[in-house]
Amino acid sequence: MVDAAVLEKLETGFKKLQESDSKSLLKKYLTQEVFDSLKTKKTPTFGSTLLDVIQSGLENHDSGVGIYAPDAEAYGVFADLFDPIIEDYHGGFKKTDKHPPRDFGDVDSFANLDPAGEYIISTRVRCGRSMQGYPFNPCLTEAQYKEMEEKVSSTLSGLSGELKGDFYPLTGMTKEVQQKLIDDHFLFKEGDRFLQAANACRFWPTGRGIYHNDNKTFLVWCNEEDHLRIISMQMGGDLGQVYRRLVSAVNDIEKRIPFSHDDRLGFLTFCPTNLGTTIRASVHIKVPKLAANKAKLEEVAGKFNLQVRGTRGEHTEAEGGVYDISNKRRMGLTEYQAVKEMNDGIAELIKIEREL
């Protein structure tokens, strides 16, 4: 049974959300009927409740989505809430749909989107992964955080060639190392208020760390929002090079660490916006003429399922006309197709910027 204090919090939070002017997907799909059918449920292994799922959105009425999965089973137990939100966010991925098997496609088919270096400042492709047999952040114990960090650091120390590098645990990090990682824009800070409210930052900084290769073009974040964030990036527009590096790293790590995967939803992570391929391919791009015509920029982005964010990511402004533009859909298509949407959309934006 879900205990009385949790139920009371749920009832109070739900009432406030209903009365708020929140535009979140949580508010849109958490009807009284869905709420009543889910409020007494728990996941079998970790005992996660509906409160664990929705507390971030209950506390932050300005959330875009407002829900997280405390453990992999939550996607099944609370499917009546997750499924419509997933369908809405991922452009029509219905509860009868099945995410296709992993397919990185022909890694040599992407090239440099901006060989002359006129528009694209940097390119990055990342994916999220969860380690099999561990819940997500809110249910992890301090001992599990430590155990996972140990597994991740020993696995990554086996990488060679271009991927060879060092792992820096956040616990006991010296001021110099910290400053160096901040200057390189590598260091993640303790979670924002959305993650804090979802209970994703407990025992901080225990079990968290950062790995980067010697060239600083390959990064792995350990236990920030997801168990693993695998990131390939570099200055300029050479998407082909960035994508190939990511694919070889993911394949290499997967041989050593089994990942949480679901036949219907693909790779499972903490946030429902980040399922399926979990791939986010993005560029920092300077398009001053399109920036002056925001409607046109949004129209082209929409046509290719791209998401336009400010320079520093979500909830930020574009600084000096520089936007962060990425693929929005991560489900119902392959890894290759997700990256291709970004590739084609950016090529089109550059073409239009040239013509304006």
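As annotated in an unreviewed UniProt entry, the protein is arginine kinase from Nilaparvata lugens.

Asker: Pulling in residues and values, what's your account of the sheet that holds strand E3 (residues 209-213)?
Answerer: The eight strands are arranged E2-E3-E4-E5-E1-E8-E10-E9 in an open sheet whose pairing can be described as antiparallel. Every other strand in the sheet has two partners, leaving strand E2 (165-169) and strand E9 (306-309) as the edge strands with one partner each. Recorded for the sheet is a direction-independent mean angle of 20 degrees between the axes of neighbouring strands. In this structure, E2 lies alongside E3, joined through five bridges in antiparallel fashion. When the sheet's bridge partners are listed, Pro169 is paired in E3 with Gly209. Docked against the sheet, helix H10 (residues 239-256) engages strand E1 (120-129), strand E4 (218-222) and strand E5 (228-235), running at close to 155 degrees with respect to E5.

Asker: Could you give an account of helix H13 (residues 335-355), naming the residues involved and the relevant values?
Answerer: Residues that lie three or four places apart on an α-helix share one face, since the helix turns once every 3.6 residues. Between its terminal C-alpha atoms H13 stretches 31 Å, which fits the 30 Å expected from 21 residues at 1.5 Å a residue. Along H13, the residues that are buried comprise Glu335, Ala338, Val339, Glu341, Met342, Asn343, Gly345, Ile346, Leu349, Ile350, Ile352 and Glu353.

Asker: Before we move on, can you summarise the pattern of salt bridges with the specific residues and values?
Answerer: Here the structure, examined in full by the defined rule, presents 20 salt bridges. Here Glu118 and Arg354 are joined by a salt bridge, their closest N and O atoms 3.4 Å apart. With a gap of 236 residues between them, Glu118 in the loop between helix H6 (79-89) and E1 and Arg354 in helix H13 connect regions that are remote in the sequence. Taking relative accessible area as the criterion, Glu118 reaches 46% and is therefore assigned partly exposed.

Asker: Give me the lowdown on the UniProt feature "domain: Phosphagen kinase N-terminal" (unreviewed entry) in the protein, citing residues and values where you can.
Answerer: According to UniProt, the "domain: Phosphagen kinase N-terminal" (unreviewed entry) feature falls on residues 6-91. Span residues 6-91 is 59% helix and 0% strand, its end C-alpha atoms 33 Å apart.

Asker: Tell me about the packing of helix H1 (residues 4-19) against helix H4 (residues 50-59), and please be specific about residues and values.
Answerer: Closest axis-to-axis distance for the H1/H4 pair is 10 Å, and the angle between their directions is 35 degrees. Handedness of the H1/H4 crossing: left-handed. Counted together, Val6, Lys9, Leu10, Gly13, Phe14 and Leu17 of H1 and Leu50, Leu51, Ile54, Gly57 and Leu58 of H4 form the full contact between these two elements. Considered class by class, the residues forming the contact of H1 with H4 number eight nonpolar, two polar and one charged.

Parameters at a glance
Residues numbered from 1 in each chain as written. Predicted model: local features only at pLDDT ≥ 70, side-chain atom pairs only at ≥ 80, totals over all residues. Heavy atoms only, no water. Pairing = 2+ DSSP bridges. Helix = DSSP H or I, 4+ residues; strand = E, 2+ residues; numbered from the N terminus. Axes fitted to C-alpha atoms, helices over the stretch in contact; angles between N-to-C directions. Contact = heavy atoms within 4.5 Å. Expected span 1.5 Å × (residues − 1). Buried < 20%, exposed > 50% of the residue type's maximum accessible area, 1.4 Å probe, protein only. Salt bridge = Lys/Arg side-chain N within 4 Å of Asp/Glu carboxyl O. UniProt positions renumbered as here; feature names shortened; annotations may be inferred. Left-handed = near helix turned anticlockwise from the far one by under 90°. Nonpolar A, V, L, I, M, F, W, Y, C, P; charged D, E, K, R; others polar.

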